[in-house]
Amino acid sequence: MTETDSFFETPAPAGYKGIWSWLITMDHKRIALMYLFVILFWFFGALILGLLIRTELMSVGKTIMGAQTYNAMFTLHGVIMIFLFIIPAIPAIFGNFLLPIQIGADDVFFPKLNLLSWYLYILGSIFAISSLFFGGPPDTGWTFYVPFSVSTNTNVSATLMAAFILGMSSMLTGLNFITTIHRMRVKGMRWLQIPLFTWSLYATAWVQLLATPILSITLLLVVFERMFAIGLFDASKGGDPLLYQHLFWMYSHPAVYIMILPGMGVISEIIPVFSRKSIFGYKAIVASSMAIAIAGSLVWAHHMFTSGMSDVAVFVFSLLTFLVAIPSAVKVFSWISTMYKGSIQMTPPLLFSLGFIYLFSVGGLTGLVLGAAGTNIHVHDTHFVVAHFHFVMFGGTGFAFFAALHFWWPKIFGRMYDFKRAYVAATMITIGFIFHYMPMFILGIMGHPRRYYDYMPRFETGNMLAGIGGYILITGIALMFVNLFLSFKNKRDALADPWGGTTLEWSVPSPPPLHNFVSPPEIKDYPYDFSDVVKKFKPGNIT
Amino acid sequence: MKTTHSDTKGSRLGMWLFLYTEILLFTGLFILYAAYLKKYPIDFIEGGKELSLFFGAVNTVILLISSFAVAASVTAIRKQSAKLSAGLIAAAVMIGGVFLFNKYIEWGQKIHHGIYPNAPDLVNGPPGKNIFFGLYYVITGLHGLHIIIGMILLCVCVFMILTNRIHEGNDGVLENCGLYWHLVDIIWIFIFPLLYLIV
Amino acid sequence: MKSSQENHHVMEYKTLIGILCMLLILTAITIGASMIDLGKLNVWIALFIASSKCSLVVLFFMHLKYENRVIKLSFVVTLFCVAILIGFIFWDIAFR
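Residues numbered from 1 in each chain as written. Chains lettered and ligands numbered in written order. Predicted model: local features only at pLDDT ≥ 70, side-chain atom pairs only at ≥ 80, totals over all residues. Heavy atoms only, no water.

K.L.:
Is there a simple way to explain the environment of Leu23 of chain A in this structure?
P.N.:
All names here are of chain A. With respect to the secondary-structure elements, Leu23 resides in helix α1 (residues 20-23). Once the C-alpha coordinates of Leu23 and Ala291 are considered, the two residues, 268 residues apart in sequence, prove to be 38 Å apart. The residues contacting Leu23, other than those within four sequence positions of it, are Met34, Leu115, Trp118 and Tyr119. (Helix = DSSP H or I, 4+ residues; strand = E, 2+ residues; numbered from the N terminus. Contact = heavy atoms within 4.5 Å.)

K.L.:
For this particular structure, what's the right way to read the packing of helix α14 (residues 419-446) of chain A against helix α15 (residues 460-486) of chain A?
P.N.:
The description of two packed helices rests on the angle between their axes and on the distance between the axes. All names here are of chain A. Running from N to C, α14 and α15 point in directions that differ by 155°, and their axes come no closer than 7 Å. When the axis of α14 is compared with that of α15, the two are roughly antiparallel. For the pair α14 and α15, the crossing hand works out as left-handed. Counted by class, the contact of α14 with α15 contains 19 nonpolar, nine polar and one charged residues. (Axes fitted to C-alpha atoms, helices over the stretch in contact; angles between N-to-C directions. Parallel < 35°, antiparallel > 145°, perpendicular 65-115°, else oblique. Left-handed = near helix turned anticlockwise from the far one by under 90°. Nonpolar A, V, L, I, M, F, W, Y, C, P; charged D, E, K, R; others polar.)

K.L.:
I tried to follow the interface of chain A and chain B on my own but got confused; where do I start?
P.N.:
Accessible area lost upon the coming together of the parts is a frequently used measure of interface size. Each side of the interface is counted separately: chain A has 35 residues, and chain B has 33 residues. Applying the counting criterion to the chain A and chain B interface returns one salt bridge. Notably, a salt bridge pairs Asp7 of chain B with Arg183 of chain A, separated by 3.0 Å at the nearest N-O pair. Where chain A touches chain B, the interface holds seven residue pairs in polar contact (both at pLDDT 80 or more). Residue assignment for the side of chain A that touches chain B shows that the elements contributing at least two residues are α6 (156-183), α7 (196-228) and α8 (241-275) of chain A. Here the side of chain A that touches chain B takes eleven residues from α7 of chain A, the largest share from any one element. For the side of chain A that touches chain B, the class distribution of residues is 23 nonpolar, seven polar and five charged. (Salt bridge = Lys/Arg side-chain N within 4 Å of Asp/Glu carboxyl O. Polar contact = N/O pair within 3.5 Å; in protein donor to acceptor, adjacent residues only side chain to side chain.)

K.L.:
Is there a simple way to think about the nonpolar core in this case?
P.N.:
In a soluble, globular protein the nonpolar side chains are often hidden away together inside. In this structure, Phe83 and Phe94 of chain A are the most contacted members of the largest nonpolar core, which totals 301 residues. When residues of this core are assigned to domains, at least three map to each of domain 1 (10-62) and domain 2 (67-96) of chain C. What Phe83 of chain A contacts, discounting residues up to four positions off in sequence, is Gly78, Pro88, Trp142, Phe144, Ala163, Leu166, Leu215 and Tyr251 of chain A. (Core = buried A, V, L, I, M, F, W, Y, C linked by side-chain atoms within 4.5 Å. Buried < 20%, exposed > 50% of the residue type's maximum accessible area, 1.4 Å probe, protein only. Domains from an automatic or database assignment.)

Here it is in structure tokens:
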């Protein structure tokens, strides 16, 4: 066993073999891979649920399932995708793996807490699964709105507890990351030398830390209501159901930024590497990450414009909502400007990133339609909203997740995948995506409500098209993962720096050794200085 | 390269971050309190008058004293008087027990008078009163749970001091558990006037 | 092992007792203030006194006064967050 052996060969704590070298490990890289494993499991599960929902909607009337099953399916699709996939995906997998390496540390600050977070995630998963089999799957939608969530006879409590525990897991991950970034940066790395992915995780971690407790207490209150019927949200007992919505969105709107910020961080890493050009506006991107984290916490009530809130609140929250567009746009402009006059190298991660920029922009701009109080009344709770947030969450975070998988796959596993299949998959996913969600914008404007089991015949064409797009999308995703998994047949021979990256993770072997760094990391004055890379990598020699 | 575990500054930062999550957790309840106070000012005053000022005040005073004891025990350990330190922590745990006992009596009296969640008197009475007592039970219940957790943490500290695992050079655990106990006290500092002293 | 020495501020017993006395006096004042009916002002007075007590505990019992900038700043951010959440809800309920 030598210093440079990869972490796959070096269990930590030492001496354990097989499954135990994983289950009680405190190595941040192994924990990241354990997250990858379970998160992908849930992602595939929720994808299938989503596909079944769209299949049901492809024709008027009953197609493949009954209404109650349909309700359970969209609830589970939402709960799993949000709490078990999107929120943990990038921070827990790539954040855990890369954050310590990017700041020159050998692990996170609280390795035991890190493992505990993973176990909390598993416990939450178990609660989520158990709600399927005991007492009937929940049918409230992932928002658990009262009074229905209090009065329904399905087993909502288990799902609520699942979300509660998963929130705790996410909170502890955030706590760990903040402490790590503050205390474990390698000597000489100042704040403005931290890579942008780590910066985005830092901003995210603060939102995770300060917003998640509000969700915890809200979900607990609903559980209490179900157990003791206190009446805090029950209008007949003096309660105010709208306050539930306030509390819920106080977390769940910032949660949108927990989901998207790490994705933006990924894109900020990928674009400069393949443009062979320093990132445009490093400080602006850092500042906009923090600004999004702050402004994103002030706008929660824009989900409630039609709920019966006061007109003053509608006005204020609509105004504030427009503010969030500014830092988001700053980032998009920075990415585009980075590519301008760059020496662009096309690779699968870059293709996914380009998809991200386009789809996220569409998602962001349609968000303004929803944020404007007037138009919101028209499209509230229609398929327009469904299309909007899938463009942001899937077209944004989902694509960033795929881009990150392709970008760091050789680093994590030491194996390179086939580019051709990856390009085909990326193209199929993008085309399928647009076919799948574009019709929903139109359906929404025509008035097709979301979450309805059935609809009027005039919506059938749009739903049919969306369904077909969905199948193309899923095929593309399947192809993408098959391609990635096929790389395990290749030799483990990926270079330490296959792309020409400049941040610290590209200075260590692929896969990294147990303590990450063989020799003390060298800190550059500026993390995105490509002058050496341009000399070393001639155009077109990435294979 | 493993230097992390002696970094008490870092673990204290972690502890503070954790305390922030606890503050935000209770903030959720204070948001409800603020909103409902705005909606039912009269009923809340009526409800506050039904709570025992005596129990509230006694609990406030003893909790403040216990907080002092915990702060003093950190001083004691740094002045190398481990026995005194352990004694002060043990006193704080005992005070926590008295606090819970008072709470038990108080809840018992209320329940005896037909004031408990979903009680017929509350459900059919003025809506604001039902909300006030609903919040009363949730807030003090959750706070009581935190007292119990804090007591467990402090017991661990006593044990660790007596077995010399917490000492003058290594008091991070004691300090962090102490921070938790102070936080529980701070929450009560706000609960007391909001629930008991509302006029 | 640098950390075991740094930031080891020792609060003297005398100071701690002084703080405790102030806390008890403030408790008495807040109870006294609640006996006088000042209308809406009562809530604000109670909150002000509670905040003062809270500051004493945080600054001295919890040593925040002697902590580094990160913790001080992040604590203020948290309080700001709490104020925003409680404050902004009144955009709705105060105008309904």
